[in-house]
Number of protein chains: 2
Amino acid sequence: MMKTTCHVHLKHHSYPIYIGSGLLKDPFWVKAHIPHSKVMIVTNPSIASWYLPLIQSQFQNSQCDVTLLPEGEAFKNLNILYLIFDELLTHGHHRDTCIIALGGGVIGDMAGFAASCYQRGVPFIQIPTSLLAQVDSSVGGKTGVNHPLGKNMIGAFYQPQAVVIDTETLQTLPTREFNAGLAEVIKYGLMFDKEFFEWLEKNMDKILAKDPEALQTTLHRCCEIKAEIVSKDEREEGLRALLNFGHTFGHAFEGAQGYGEWLHGEAVAAGMMVALYLSMDCSESLSLEDIQRVERLLKKCQLPTQAPQSVSIKDCLAWMRRDKKIKDDKMRFILLHSLGEAFIHETVPMEKVMMALEQSGLSKEC
Amino acid sequence: MMKTTCHVHLKHHSYPIYIGSGLLKDPFWVKAHIPHSKVMIVTNPSIASWYLPLIQSQFQNSQCDVTLLPEGEAFKNLNILYLIFDELLTHGHHRDTCIIALGGGVIGDMAGFAASCYQRGVPFIQIPTSLLAQVDSSVGGKTGVNHPLGKNMIGAFYQPQAVVIDTETLQTLPTREFNAGLAEVIKYGLMFDKEFFEWLEKNMDKILAKDPEALQTTLHRCCEIKAEIVSKDEREEGLRALLNFGHTFGHAFEGAQGYGEWLHGEAVAAGMMVALYLSMDCSESLSLEDIQRVERLLKKCQLPTQAPQSVSIKDCLAWMRRDKKIKDDKMRFILLHSLGEAFIHETVPMEKVMMALEQSGLSKEC
């Protein structure tokens with residue numbers, strides 16, 4: 001069994017990320033981090049049909065309850081979060097429970113947020129089953145739900161006890177979702193590691209074919225980068241903000257279209273393209289050829305490289321203004337100097353933002 | 001102007017508690033702790049009619065918005081919490097906002113919880129206007145809302161930037177609410193400081209007459225005790241649990257009757273009486289005479305000293321089982337060895353609990 005481990009080192013809490021194929025079949029990886037006798041698994045019906053019996057069988061001697069949440073970003077809200085509290089209270093879970101998030105990014109964000117505020121905090125474990133959750137959202141303790149007026153507007157920084165990534169779960173993941181996760185994978189190369197970006201260019205066919213070795217290398221490198229960044233800046237006071245490359249635009253595309261239209265990774269792919277145009281305009285060292293390399297790689301993964309046609313620049317700007325990364329009403333963006341080298345620009349002029357949005361296909365009127 | 005200050009010292013965050021008469025009239029106390037240019041005041045209509053203009057006038061040069069919440073414990077839930085997020089987002093508040101909790105315990109708990117999870121955490125200031133909030137709930141960072149199946153089941157430990165206690169606000173507080181706050185005041189004496197308990201016995205007439213000097217002494221001593229305990233045990237892993245004396249019973253009375261029937265302090269008063277009977281039974285060093293002294297003091301404050309007649313022992317036990325202070329299904333209670341000296345009993349036998357409930361007036365059947 002192929003297996004590697006990364007560690008997130010925080011001041012008051014460190015935890016491991018286990019990555020390997022078949023980890024869920026071995027009770028050790030999950031159970032070693034369950035401190036108490038009660039467990040609440042939070043998942044959704046499709047994931048449950050694949051993996052729930054496997055996890056449940058490891059807790060035959062404990063009280064093991066399940067909360068099934070409806071699927072999709074459209075349900076990532078406070079009303080649906082309430083279902084988790086209902087189940088916990090109905091089944092008599094106290095502070096000595098442990099919540100297991102079994103699923104993709106939506107499940108991880110909601111189960112983690114529920115863990116952070118149930119009885120003012122109970123432990124939880126991430127078992128991410130989508131590529132996006134495995135390389136990004138399950139690591140680092142960002143949890144939360146959406147509000148009709150903005151994505152992830154209500155949440156907490158709350159770290160899991162462990163992250164258990166079984167790469168075999170990617171075999172059952174729908175292709176569109178797998179591809180969406182690749183947007184975040186490509187982001188790591190773009191932002192922090194040109195060598196990894198070039199490795200991705202060479203190995204994308206293998207990754208798309210879900211070759212176990214290529215997947216292991218990909219997941220390990222992404223988690224390693226994410227763990228290092230979170231260890232240095234847990235609360236996104238500096239460095240960690242770089243991980244939001246393309247996200248200000250991506251969130252606006254998601255919000256303006258209505259959550260659920262595009263997958264998060266798809267919106268991030270299109271958002272990264274806008275951020276690249278803006279980078280070229282602002283930093284002058286990024287070339288059009290660099291942007292075209294990224295575009296080719298995104299297209300290979302069948303990801304959108306243009307902003308959604310149904311959204312106008314005006315809508316998009318309105319959504320961006322609500323974004324939490326705006327400080328004192330200045331437009332702040334994460335940009336690239338060159339492939340593998342990111343920086344934060346605190347005061348990007350509005351006309352450059354509008355120009356980049358036009359370049360990526362948005363119209364001024366709708 | 002009479003003014004004293006206590007400090008809560010935590011590992012990563014320390015903050016002052018200012019206590020004095022007329023503090024709200026001086027812009028310094030609140031404004032010194034507002035880090036940014038936007039402010040959201042969370043309050044309710046009655047408190048607003050008394051104090052809102054005073055606070056608003058200090059922010060004439062800033063964006064200062066207001067969320068009005070309906071009054072009472074019955075509205076301390078996730079749906080009403082949502083109103084705060086709506087107002088924050090509608091008025092374009094980002095991470096650079098500051099929330100001001102202006103009101104009693106319900107307002108403080110909800111505004112604090114909203115601050116803890118709005119955009120994963122923004123700063124907030126407590127301006128408690130009820131006695132209960134001033135001596136207890138505004139200090140120490142316990143925030144949260146109720147669930148139909150349990151009190152404070154959803155929340156966070158989240159500390160304010162400062163607590164500003166203007167004792168003049170007690171002059172406008174309804175007598176019933178003022179008296180309810182005295183239950184928590186008496187609790188501090190009972191648990192930690194026999195001398196203070198005896199001072200309360202001697203000075204209760206002055207306190208009930210809202211004599212400014214007596215109020216200042218009372219508030220300072222309560223906040224001093226609370227600050228010391230929170231500084232030693234922020235997350236209630238040991239010592240801080242002692243502050244819950246009478247609360248397991250009190251919460252059950254509140255829940256079983258329906259929130260809003262009794263005020264929290266009233267339920268705590270009756271709950272402390274049950275805890276005293278249980279203490280006498282379990283520790284054998286507390287005398288009936290001690291209990292009668294407490295009973296006399298509570299009665300002087302017009303507080304209930306018997307469990308509510310509408311609740312049966314069975315109902316009460318069902319509510320207690322859901323209480324978060326139960327570990328591995330053992331009944332854990334905070335008890336008194338003697339006046340001023342508390343301890344935690346991890347395994348109180350159920351029949352003793354039932355006997356204490358009977359002594360305090362509950363019937364086995366309803």
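Residue indices begin from 1 for each chain and proceed along its sequence in written order. Think of it this way: whatever chain is written first is A, whatever ligand is written first is 1, and the rest follow in order. The predicted origin of the model limits local features to residues at a pLDDT of at least 70 and limits the giving and counting of side-chain atom pairs to 80 or more, whereas totals for whole chains, interfaces and linings rest on all residues.

Comments concerning the domain arrangement of chain A
All names here are of chain A. Examined at the domain level, chain A breaks down into domain 1 (3-172) and domain 2 (176-359). Delimitation of the domains relies on an automatic or database domain assignment. Computed over C-alpha atoms only, the centres of domain 1 and domain 2 are separated by 25 Å. Each helix corresponds to a stretch of at least 4 residues labelled H or I by DSSP, and each strand to a stretch of at least 2 residues labelled E; elements are numbered beginning at the N terminus. Going through the elements one at a time, β1 (3-9), β2 (14-20), α5 (131-137) and β8 (150-157) are the ones with two or more residues in the side of domain 1 that touches domain 2. Under the scheme applied here, ten amino acids are nonpolar (Ala, Val, Leu, Ile, Met, Phe, Trp, Tyr, Cys and Pro), four are charged (Asp, Glu, Lys and Arg), and all others, including Gly, are polar. Within the side of domain 1 that touches domain 2, the residues separate by chemical class into 14 nonpolar, 14 polar and 3 charged.

A few points about the interface of chain A and chain B
When the parts of a complex come together, some accessible area is lost, and that lost area is often taken as the interface size. If you look at the interface, chain A gives 30 residues, while chain B gives 30 residues. In terms of residue count, β8(A) provides more of the side of chain A that touches chain B than any other element does, 6 residues in total. Across the side of chain A that touches chain B, the residue classes tally to 12 nonpolar, 10 polar and 8 charged. By definition, residues are in contact whenever their C-beta atoms, placed on the basis of the backbone, come within 7 Å of each other.

Thoughts on the relation of the copies chain A and chain B
Least squares is the method for superposing the copies, and the C-alpha atoms it fits come from residues with pLDDT of at least 70 in both. Rotating chain A by 180° and translating it 0.0 Å along the rotation axis places it on chain B, where the RMSD comes to 0.0 Å. One copy is carried onto the other by what is essentially a two-fold rotation axis. Measuring from the rotation axis to each C-alpha of chain A, the shortest distance belongs to Leu78(A), at 4.0 Å. By residue overlap, the copies meet face to face through one surface: 100% of the interface positions of chain A are interface positions in chain B.

Looking at the confidence of the model for chain A
All names here are of chain A. On average, residues of chain A carry a pLDDT of 92, and 97% of them reach 70 or more. pLDDT is a residue-level measure of predictor confidence that goes from 0 to 100. For chain A, the element scoring lowest by mean pLDDT is helix α1 (residues 28-31), at 81; helix α7 (residues 194-208) scores highest, at 98. Here the predicted complex scores 0.91 on pTM and 0.89 on ipTM.

With respect to the sheet that holds strand β4 (residues 63-68) of chain B
Residue and element names in this part refer to chain B. The pairing criterion for strands is at least two bridges between them, as found by DSSP. Spatial strand order, β1-β2-β9-β6-β5-β3-β4: 7 strands in an open sheet with mixed pairing. Here the strands that pair on one side only, and so sit at the sheet edges, are β1 (3-9) and β4. Between one strand axis and the next, the sheet turns through 15° on average, direction left out of account. Looking at chain direction, strand β3 (residues 38-43) and β4 are connected through 6 bridges and run parallel. Within β4, the position partnered with threonine 43 by the bridge is leucine 68. Between N-to-C directions, angles cover 0 to 180 degrees, with each direction set by a line fitted to C-alpha atoms, over the stretch in contact for helices.

Structural notes on the sheet that holds strand β4 (residues 63-68) of chain A
The strands that make up a sheet pair up through hydrogen bonds in the backbone, lying either parallel or antiparallel. All names here are of chain A. The strand order across the open sheet formed by 7 strands is β1-β2-β9-β6-β5-β3-β4, and the pairing between neighbours is mixed. Two strands close off the open sheet at either side, each with one partner strand: β1 and β4. Recorded for the sheet is a direction-independent mean angle of 15° between the axes of neighbouring strands. Contacts from helix α8 (residues 212-232) reach β1, β2 and β9 (162-166) within the one sheet, and its direction differs from that of β1 by about 10°.

Here's the deal with the packing of α7(A) against α8(A)
All names here are of chain A. Between α7 and α8, the shortest axis-to-axis distance is 10 Å and the interhelical angle comes to 145°. α8 is crossed by α7, and the crossing has left-handed handedness. Contact residues: α7 offers Phe196, Asn203, Lys206 and Ile207, while α8 offers Ala214, Leu215, Thr218 and Arg221. Here the contact of α7 with α8 is built from residues that sort into 4 nonpolar, 2 polar and 2 charged. In this scheme, a crossing is called left-handed if the near helix is turned counterclockwise away from the far one by less than a right angle; it is called right-handed if the turn is clockwise.

Looking at helix α2 (residues 45-56) of chain A
All names here are of chain A. Between its first and last C-alpha, α2 extends only 15 Å over 12 residues, short of the 16 Å set by a 1.5 Å rise per residue. Every buried residue belonging to α2 is among Ile47, Tyr51 and Ile55, and all of these are buried. On an axial view of α2, the arc spanned by its buried residues comes to 65°, and they lie on one face. For α2, the exposed residues lying more than 90 degrees away from the buried face are Pro45, Ser49 and Pro53. To estimate the expected span of a helix, count its residues, drop one, and scale the result by 1.5 Å. To sort residues by exposure, count the other C-beta atoms lying within 10 Å of each residue's C-beta; 20 or more gives buried, 12 or fewer gives exposed, and values between give partly exposed, all with C-beta atoms placed from the backbone. Comment: arc refers to directions from the helix axis out to C-beta atoms.

Notes on the pairing of strand β11 (residues 341-345) of chain B
Looking down a regular strand, the side chains alternate between one sheet face and the other. Residues and elements named next belong to chain B. Direction of pairing for strand β10 (residues 333-338) relative to β11: antiparallel, over a ladder of 5 bridges. Bridge pairing in β11 places serine 338 opposite glutamate 341. Between the end of β10 and the start of β11, which pair antiparallel, lie 2 residues, with glycine 340 showing a positive phi angle near 90°.

Quick word on unusual backbone geometry
The residue Asn152(A) is not glycine, and still its phi comes out positive at about 55°. Checked against the element boundaries, Asn152(A) lands in strand β8. Residue class for Asn152(A) comes out partly exposed when judged on the 19 C-beta atoms lying within 10 Å of it. For Lys210(B), which is not glycine, the phi torsion reads 55° and is therefore positive.

Some thoughts on the environment of Ser360(A)
Residues and elements named next belong to chain A. Looking at the element boundaries, serine 360 is found in the segment after α13 (350-359). For serine 360, a count of 23 C-beta atoms within 10 Å translates into the label buried. For the pair serine 360 and alanine 270, spaced 90 residues apart in the sequence, the C-alpha separation amounts to 8.0 Å. Beyond its immediate sequence surroundings of up to four residues, serine 360 is in contact with Ala270, Met273, Val274, Tyr277, Gln306 and Ala307.

Some points on the pairing of strand β5 (residues 97-103) of chain A
Residues and elements named next belong to chain A. The element β5 is largely enclosed, with a buried count of 7 among its 7 residues. Pairing of strand β3 (residues 38-43) with β5, which is carried by 5 bridges, proceeds in the parallel orientation. For lysine 38, the partnering residue across the bridge sits in β5 and is threonine 97. Both β5 and strand β6 (residues 124-128) contribute to a ladder of 5 bridges, which runs parallel. When the sheet's bridge partners are listed, isoleucine 99 is paired in β6 with phenylalanine 124. Whether a crossover is right-handed depends on one test, that the path from the first strand over the helix to the second runs clockwise when the strands point away from the viewer. A crossover connection joins β5 to the parallel β6 through helix α4 (residues 105-117); in handedness this β-α-β unit is right-handed.

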